[in-house]
Amino acid sequence: MPSSRTGRPPVQRAARRPVVPGPPRENPLRILIVRARRAWDRPLTAYYLILGGSLLITVLGLVMVYSASQITALQMSLPGSYFFRKQLLAAGIGAVLLLAASRMPVRLHRALAYPILAGAVVLMALVQVPGIGVAVNGNQNWIALGGSFQLQPSEFGKLALVLWGADLLARKQEKRLLTQWKHMLVPLVPAAFMLLGLIMLGGDMGTAIILTAILFGLLWLAGAPTRLFVGVLSVAAVLGAILIRTSPNRMARLACLGATEPQAGPVDCWQAVHGIYALASGGIFGSGLGASVEKWGQLPEAHTDFIFAITGEELGLAGTLSVLALFAALGYAGIRVAGRTEDPFVRYAAGGVTTWITAQAVINIGAVLGLLPIAGVPLPLFSYGGSALLPTMFAIGLLIAFAREDPAARMALAMRQPRFGKKRVRGSQGPRRWNTMRRRAPVARSSGER
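Criteria and thresholds
- Residues numbered from 1 in each chain as written.
- Predicted model: local features only at pLDDT ≥ 70, side-chain atom pairs only at ≥ 80, totals over all residues.
- Heavy atoms only, no water.
- Axes fitted to C-alpha atoms, helices over the stretch in contact; angles between N-to-C directions.
- Helix = DSSP H or I, 4+ residues; strand = E, 2+ residues; numbered from the N terminus.
- Parallel < 35°, antiparallel > 145°, perpendicular 65-115°, else oblique.
- Contact = heavy atoms within 4.5 Å.
- Nonpolar A, V, L, I, M, F, W, Y, C, P; charged D, E, K, R; others polar.
- Phe/Tyr/Trp six-rings, centres within 6.5 Å; stacked < 30°, edge-to-face > 60°.
- Buried < 20%, exposed > 50% of the residue type's maximum accessible area, 1.4 Å probe, protein only.
- Lys NZ or Arg CZ within 6 Å of the ring centre and 35° of its normal.
- Core = buried A, V, L, I, M, F, W, Y, C linked by side-chain atoms within 4.5 Å.
- Salt bridge = Lys/Arg side-chain N within 4 Å of Asp/Glu carboxyl O.
- Pairing = 2+ DSSP bridges.
- Expected span 1.5 Å × (residues − 1).
- Bend = angle between axes of the 7 residues up to and from the residue.
- Left-handed = near helix turned anticlockwise from the far one by under 90°.

What is the right way to read the packing of helix α8 (residues 188-201) against helix α9 (residues 205-221) from this model?
How two helices pack is summed up by the angle between their axes together with the distance between the axes. Here α8 crosses α9 at 170°, and the two axes come no closer than 9 Å. It follows from the interaxial angle that α8 and α9 lie roughly antiparallel. Counted together, Leu-188, Val-189, Ala-192, Phe-193, Leu-195, Leu-196, Ile-199 and Met-200 of α8 and Met-205, Thr-207, Ala-208, Leu-211, Thr-212, Leu-215, Leu-218 and Leu-219 of α9 form the full contact between these two elements. Across the contact of α8 with α9, the residue classes break down as 14 nonpolar, 2 polar and no charged.

Structure below.
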């Protein structure tokens, strides 16, 4: 063996092992998408989206009502927090209604359908009685409750149509009567037209449009054939065109579509144009909460119908997109609840509520953006108005209850246990143990034990 220069034998080095390539790294974006899909398909996704989305919309709405209504209250010689305190009171009552509706069983919701419908019809008829009904902005759709409190019964007509229509269609489906067109239309369409007539007596076409959208949503979910659906839609379109044509106020609102100047010829488009001005001056992140300029008497109804414009001015594009995302999540969750249930009443009621909230949000935001005529409807859960907030929060409670009734969601809720908490077994003096979902290993037995 050859020796080295130092006289020592050379060191034998181990042969290098071939480098085996490891598994390829997965794309982080792909991993994120897979995890998002798994989270999106969980049984409680719709439950959390409805609960969290409605809560965030309501809280953000309270903040914006306080910001947008201060100047209006001061101009009326009222405290700056006047409208905010009334909205906060309505939100507190609405939270109680939401909690009660979310805990009610489905059979109790069905039992409430006829009483709510009868009460809404009676109140909507009382609006037209002299001395009881009150006119606001040219529309007589209010009842004075004493002091500064007023009630708009047509808002409860939306909830009544959803519950009663869902119960009616569910009972007819159970008897397999929806294959006949007369059972699909009668008495649903005549009752809806009766509510529409009571609303139009007061001149509130915006609420009538929402009720029409709810009616079409129920017929669509019931599987109405295309010719029947188109027929009802054509009749509603003709009646709507006649009502618009015979009203100078509605024709003026239609003429303000796409207006960029406050005075577009003989038509005054002040509100529509200043709503666009508010959105345009907000930029990406807005001028800051409370720093709106348009609410200083420039934009009428800044805290009610045009609160979305003030949101865009103070919170910018980021704020408005956040509001749109919350409504989109709420709409998706409602569609998911309606699509995954086997109960026909739950499907019709969830679809009706989702149609109601989504259509009203689209009409309100479309009017603020100048894409639709100004219909005078509030932004659900967001605009000022207790009469609109109370039935909407009850409807959100319905969606929460329906989301909990899903078998997979019910099982997931039953398996949940408090992560932190202690539980003592009755009759034992041993140490307390933490409640966990982990199963404990069985105790080992001795070799002679059977």
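That covers the picture; the talk isn't over yet.
I'm lost on unusual backbone geometry in this one. Help?
Backbone phi values are negative for most residues with the exception of glycine, while trans is the configuration of most peptide bonds. Of note, the bond from Val-186 into Pro-187 is cis; its omega dihedral lies within 30 degrees of zero at 0°. Mapped onto the elements, Pro-187 comes out in the loop between α7 (181-185) and α8. Backbone geometry at Arg-176 places phi at a positive 60°, although glycine is not the residue there. In this structure, Arg-176 sits in the loop between α6 (153-174) and α7. You will see that Leu-381, though not glycine, has its phi angle at about 65°, which is positive. Inspection of the secondary structure puts Leu-381 in the loop between α14 (344-368) and α15 (386-405).

When you look at the environment of Ala-135 in this model, what are you seeing that I'm missing?
When you line up the elements, Ala-135 lands in strand β1 (residues 133-136). C-alpha of Ala-135 to C-alpha of Gly-202: the two residues are 67 residues apart in sequence and 8.2 Å apart in space.

Would you take a moment to explain the packing of aromatic side chains for this structure?
The geometry of an aromatic ring pair comes down to the distance between the two centres and the angle between the two planes. With the rule as written, the count across this model stands at 6 aromatic pairs. Note on Tyr-114 and Trp-164: the rings are 6.5 Å apart at their centroids and 90° apart in plane angle, and the pair reads as edge-to-face. Taken together, the residues span a long stretch of sequence, with Tyr-114 in helix α5 (residues 113-126) and Trp-164 in helix α6 at a distance of 50 residues. Relative accessible area serves as the criterion here: at 41%, Tyr-114 is assigned to the partly exposed category. According to the relative accessible area criterion, Trp-164 is buried, its value standing at 6%. Among the aromatic residues, those joined into a cluster by ring pairs are Tyr-82, Phe-83 and Tyr-384. Across from the ring centre of Phe-149, 5.1 Å away, lies the NZ or CZ of Lys-86, which sits over that ring.

Which parts of the structure should I look at to understand the nonpolar core?
Nonpolar side chains in soluble globular proteins tend to end up buried together. One finds Ile-50, Leu-188, Leu-219, Ile-396 and Phe-402 to be the most contacted residues of the largest nonpolar core, which totals 112 residues. No other element matches the 13 residues that α14 contributes to this core.

Got a minute to help me understand the pattern of salt bridges in this structure?
Opposite charge on two side chains makes pairing possible when the charged atoms of those side chains draw close. Inspection of every chain in the model, using the stated rule, returns 6 salt bridges. The salt bridge partner of Asp-167 is Arg-110, with a shortest N-O separation of 2.8 Å. Of this pair, Asp-167 sits in helix α6 while Arg-110 sits in helix α4 (residues 106-111), and the two are 57 residues apart along the sequence. A relative accessible area of 19% places Arg-110 in the buried class. The closest approach of N and O atoms between Glu-314 and Lys-295, which form a salt bridge, is 3.3 Å. Here Glu-314, found in helix α13 (residues 307-340), pairs with Lys-295, found in the loop between α12 (270-280) and α13; they are 19 residues apart in sequence, far enough to count as distant. Several salt bridges share partner residues, and in doing so they unite Arg-110, Asp-167, Arg-171 and Glu-174 into one network.

Explain the sheet that holds strand β2 (residues 139-146) here, please?
Strand pairing in a sheet relies on backbone hydrogen bonds. The paired strands run either parallel or antiparallel. Across the sheet, which stays open at both edges, the 3 strands sit in the order β1-β2-β3 with antiparallel pairing between neighbours. Of all the strands in the sheet, just β1 and β3 (149-151) have a single pairing partner and so form its edges. Put simply, the sheet's adjacent strands are angled 55° from each other on average, direction ignored. With 4 bridges connecting them, β1 and β2 associate as antiparallel partners. Residue pairing in the sheet places Val-134 in a bridge with Trp-142 of β2.

Teacher, can you tell me more about α13 here?
At 3.6 residues per turn, the α-helix brings residues three or four places apart onto the same side. The terminal C-alpha atoms of α13 lie 35 Å apart, and with 34 residues this falls more than 12% below the ideal 50 Å at 1.5 Å per residue. Maximal helix bending in α13 amounts to about 130°, located at Leu-315.

When you look at the environment of Arg-103 in this model, what are you seeing that I'm missing?
Considering the arrangement of structural elements, one finds Arg-103 in helix α3 (residues 82-103). In this structure Arg-103 comes out as exposed when scored by relative accessible area, which is 57%. Expressed as a C-alpha distance, the spacing of Arg-103 and Phe-402, which sit 299 residues apart in the sequence, is 9.9 Å.

It is not clear to me how the packing of α13 against α14 should be interpreted in this structure. Could you clarify?
Close contact between α13 and α14 brings their axes to 10 Å; oriented N to C, the two are set at 160°. What the angle tells us is that α13 and α14 run roughly antiparallel. Here the hand of the crossing between α13 and α14 comes out left-handed. Across the interface between the two elements, Phe-308, Ala-309, Leu-324, Phe-327, Leu-330, Gly-331, Gly-334, Ile-335, Val-337 and Ala-338 from α13 touch Arg-347, Ala-350, Gly-351, Thr-354, Ile-357, Thr-358, Ala-361, Asn-364, Ile-365 and Val-368 from α14. The class makeup of the residues in the contact of α13 with α14 is 13 nonpolar, 6 polar and 1 charged.

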